Amino acid sequence: MNKIKCIIIEDEPLALERVKGYVAKIPFLELVDTFENGVDALFFVKQNLIDLIFLDINIGEFNGIQLAEALNHQVKIIITTAYPEYAIKGFDLKVTDYLLKPFTLDRFIQAVERVKSEMKVESNPEVLNDSGFIFIKTEYRLERIEIDDILFIEGMRDYRRIHTLQKKIMTLETFKEFEIRLPKNKICRVHKSYMININHIENIERDRVKIKNELIPISETYKADFYGLIQRK
């Protein structure tokens, strides 16, 4: 994997030096530039190939949240801030991690390893989520879900309902996001409105899957991939 090109946006000199020092210790990071405000950083990112931003929130009139919104997932973002109250907003913006100052080198390494893993998955969709769990935003909290406990995911207009062994969870995350985050050898799409955990299939009949007394249709669009997957099991 090539080095991850990153920039730091931070207006506090001591905090900037700390992050620069941490970046220098990570062999797969390449620091391209640093910025004190969001406006200059935005123009730079629009004109240069950058993979990752270490982003403070309080950086002037055009703050870190506004910058993240303007970039619209163009780059990976790790927020670095002293303010915990922006964490849910950061999750809404799909930042990779949220570091609360003062953070340790160990915590910093954990965050950049997440970026590295995400980039591997995006460049090679066959790379699997091997952590065993994911965090899902539901209402005003983040809910941890064990991947093996997922029965199926059901589309309901703007929402997705995750059926697990213990409970049902509503979220605004999309099927596309689930397809990126979940292991493809366990959780697969079978219909425009359904993803299923193949480890919980009880039987398959007439292109319908039975999971815990639910009959889930297999559509033509996903039929070949689905049957190909279960034949490899």
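Quick look at the structure, then.

Conventions used here
- Residues numbered from 1 in each chain as written.
- Predicted model: local features only at pLDDT ≥ 70, side-chain atom pairs only at ≥ 80, totals over all residues.
- Heavy atoms only, no water.
- Buried < 20%, exposed > 50% of the residue type's maximum accessible area, 1.4 Å probe, protein only.
- Helix = DSSP H or I, 4+ residues; strand = E, 2+ residues; numbered from the N terminus.
- Pairing = 2+ DSSP bridges.
- Phe/Tyr/Trp six-rings, centres within 6.5 Å; stacked < 30°, edge-to-face > 60°.
- Lys NZ or Arg CZ within 6 Å of the ring centre and 35° of its normal.

### What to know about the pairing of strand S11 (residues 187–191)
Burial runs high along S11: 5 of the 5 residues are buried. Bridge count between S11 and strand S12 (residues 194–197): 4 bridges; the pairing is antiparallel. From the neighbouring strand, Arg 189 faces S12, where its bridge partner is Met 195. Taken together, S11 and the strand that follows it, S12, pair antiparallel across an intervening segment of 2 residues.

### Some points on the packing of aromatic side chains
The full count for this structure, using the stated rule, is 8 aromatic pairs. Between the aromatic rings of Phe 54 and Phe 108, the centroid separation amounts to 5.1 Å while the plane-to-plane angle is 25°, which identifies the pairing as stacked. With Phe 54 in strand S3 (residues 52–55) and Phe 108 in helix H5 (residues 105–123), this pair connects stretches of sequence that are 54 residues apart. Neither residue differs from the other here; Phe 54 and Phe 108 are each classed as buried. An aromatic cluster is defined as three or more aromatic residues linked by ring pairs; in this entry it consists of Tyr 22, Phe 54, Phe 103 and Phe 108. The ring of Phe 28 has Lys 116 sitting right over it, with the charged end atom 4.4 Å from the ring centre. We note Arg 144 situated over the ring of Phe 133; from NZ or CZ to the ring centre the distance is 3.7 Å.

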